[in-house]
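Below are the chains, spelled out letter by letter.
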Amino acid sequence: MKLMNRSVEMQVEFFHDVICSFCFPMSYRMREVAKKYPKLEIIHRSFALGWEKEQFIQQFGSHEAVKPEVIHHWESANQNDDEHRFNIEGMKEQDFLFPTSKNGLKAAKAAGMIAGQEAYWAVFDGLQQALFIENRDISDMKIIDSIVKQTSIDFDAWKTQFENPETEQAVMEDLQRVQDYGIQGAPAIVVNQKYLISGAQPQEVIEQTIEQIAEEGFQLKGLTLMGSDAAACNMIDGKWVCD
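## Brief notes about the side chain of His-16
Summarising the element assignment, His-16 is placed in strand S1 (residues 10-16). On the basis of relative accessibility, which here comes to 0%, the residue His-16 falls in the buried class. For His-16, the side chain forms a polar contact with the side chain of His-44, separated by 3.3 Å. Those residues in contact with His-16 that sit more than four places away from it in its chain are Cys-23, His-44, Arg-45, Ser-46, Phe-47, Leu-105, Tyr-120, Phe-124 and Ala-186.

Structural data, given as structure tokens:
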């Protein structure tokens, strides 16, 4: 039985970070997959490449050193992106330090907590577009507020949830899940808590893998890597490294 009949229920956990360059093309592809297979239960999970500036200092030596290094990641991610949307030259002209993950992840999580996974996705994509295309500082709360206001989410309810300590705790629970699964980089997809699709895979590979899982009904123990690794941003020996 294949997912083509659109009747198979399957849980898909999508791990990503608002500052992750390869997560940008992957989110676009996952939206296309979701249109094709509307029975998929897509749950958005946090992955933090640089939670706060202290993590950037540990990884790169200083916060100032992050942007020149990460710009090189963008070049590879732009090639991976089906529509080559990255505004690399525009980012080079900006004088703000590269954004950290914390505020953006909390913003998306707060949206999801009050209005569901589609709201999470709307804020997540809005933040990524603001960073990768519009070259805005998505750790700045004024910018985050403006992005949320562009969605259909009740802003006051979102702001209250953002400031509620349970929102950061929910993000931390996602990060613990990353550890529990043994995920090393983003983007990553975990299907039915058993099967890992790693990196920014082509859409056809994602669909083929999902259908393979549905058709064969695997019953293996532990997290099993499906297919091969694709381009991703990984944490290697405590340092952020992108393909």
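From this point on, the discussion continues.
## A closer look at the pairing of strand S5 (residues 195-198)
Residues Tyr-195 and Ile-197 point to one face of S5 and Leu-196 and Ser-198 to the other, with burial holding for every one of them. As paired elements, strand S4 (residues 188-191) and S5 share 4 bridges and run antiparallel to each other. Bridging from a neighbouring strand, Ile-189 pairs with Ile-197 of S5. Connecting S4 to the antiparallel partner S5 that follows it, the hairpin turn spans 3 residues, and Asn-192 within it adopts a positive phi of roughly 55°.

## Description of the packing of aromatic side chains
Per the stated rule, a full pass over the model turns up 10 aromatic pairs. An angle of 85° between the planes, with centres 5.9 Å apart, marks the rings of Phe-15 and Tyr-181 as edge-to-face. Of the two residues, Phe-15 sits in strand S1 while Tyr-181 sits in helix H9 (residues 165-181), which places them 166 residues apart along the sequence. Each member of the pair, Phe-15 as well as Tyr-181, is classed as buried.

## Digging into the packing of helix H7 (residues 141-149) against helix H8 (residues 155-163)
Their axes nearest at 10 Å, the elements H7 and H8 cross at an angle of 140°. One element, H7, and the other, H8, form an angle in the oblique class. Every pair of crossing elements has a handedness; the one defined by H7 and H8 is right-handed. Here Met-141, Ile-144, Asp-145, Val-148 and Lys-149 of H7 come into contact with H8, specifically with Phe-155, Trp-158, Lys-159 and Phe-162. Here the contact of H7 with H8 is built from residues that sort into 6 nonpolar, no polar and 3 charged.

## Looking at the side chain of Gln-11
Position of Gln-11 relative to the elements: it lies in strand S1. Exposure remark for Gln-11: the relative accessible area of 18% places this residue in the buried category. Separated by 3.5 Å, the side chains of Gln-11 and Gln-193 make a polar contact. Those residues in contact with Gln-11 that lie beyond four places of it in its chain are Glu-41, Ile-43, Val-190, Val-191, Asn-192 and Gln-193.

## Focus: the pattern of salt bridges
Counting across every chain of the model gives 16 salt bridges. Measuring nitrogen to oxygen at the nearest pair gives 3.1 Å for the salt bridge that ties Arg-177 to Glu-13. Here Glu-13 lies in strand S1 and Arg-177 lies in helix H9, a separation of 164 residues in the sequence. By relative accessible area, which is 27% here, Arg-177 ends up partly exposed. Overall, the relative accessible area of 0% leaves Glu-13 in the buried class. A salt bridge links Glu-32 to Lys-35; the nearest nitrogen and oxygen atoms lie 3.2 Å apart. With a gap of 3 residues between them, Glu-32 and Lys-35 both fall in helix H1 (residues 23-36), about one helical turn apart. We classify Lys-35 as exposed; its relative accessible area is 56%.

Conventions adopted
- Note that residues are indexed from 1 along each chain, following the sequence as it is written.
- Selection of residues for local features in this predicted model requires a pLDDT of at least 70, selection of side-chain atom pairs for listing and counting requires 80 or more, and totals for whole chains, interfaces and linings are taken over all residues.
- Where side-chain values are given, they derive from all heavy atoms of the structure, hydrogens and water being excluded.
- Only DSSP runs of H or I with at least four residues qualify as helices, and only runs of E with at least two residues qualify as strands; both kinds are numbered from the N terminus onward.
- The cut-offs for exposure are 20% and 50% of the maximum accessible area for each residue type, with area from a 1.4 Å probe on protein chains only; residues under the lower value are buried, those over the upper are exposed, and the others partly exposed.
- Whenever a nitrogen or oxygen atom comes within 3.5 Å of another N or O atom, the pair is scored as a polar contact, on the condition that within protein one atom can donate a hydrogen and the other can accept it, and that pairs from neighbouring residues in sequence are kept only if both atoms are in side chains.
- Note on contacts: a residue pair qualifies if any of its non-hydrogen atoms lie within 4.5 Å across the two residues.
- Note on pairing: DSSP must find at least two bridges between two strands before they are called paired.
- Paired rings are identified among Phe, Tyr and Trp, the last through its six-membered ring, by centres lying within 6.5 Å, and are further divided according to the angle between planes into stacked (under 30 degrees), edge-to-face (over 60) and tilted (the rest).
- Here an axis means a line fitted to C-alpha atoms, over the contact stretch when the element is a helix, while the angle between two N-to-C directions is reported on a 0 to 180 degree scale.
- Note that the term roughly parallel is reserved for angles under 35 degrees, roughly antiparallel for angles over 145, roughly perpendicular for angles of 65 to 115, and oblique for everything else.
- Each crossing is labelled by how the near helix is turned from the far one, with a counterclockwise turn of less than a right angle marking it left-handed and a clockwise turn marking it right-handed.
- Amino acids are sorted into nonpolar (Ala, Val, Leu, Ile, Met, Phe, Trp, Tyr, Cys and Pro), charged (Asp, Glu, Lys and Arg) and polar (every other residue, Gly among them).
- By definition, a salt bridge exists where a carboxyl oxygen of Asp or Glu is found within 4 Å of a side-chain nitrogen of Lys or Arg.

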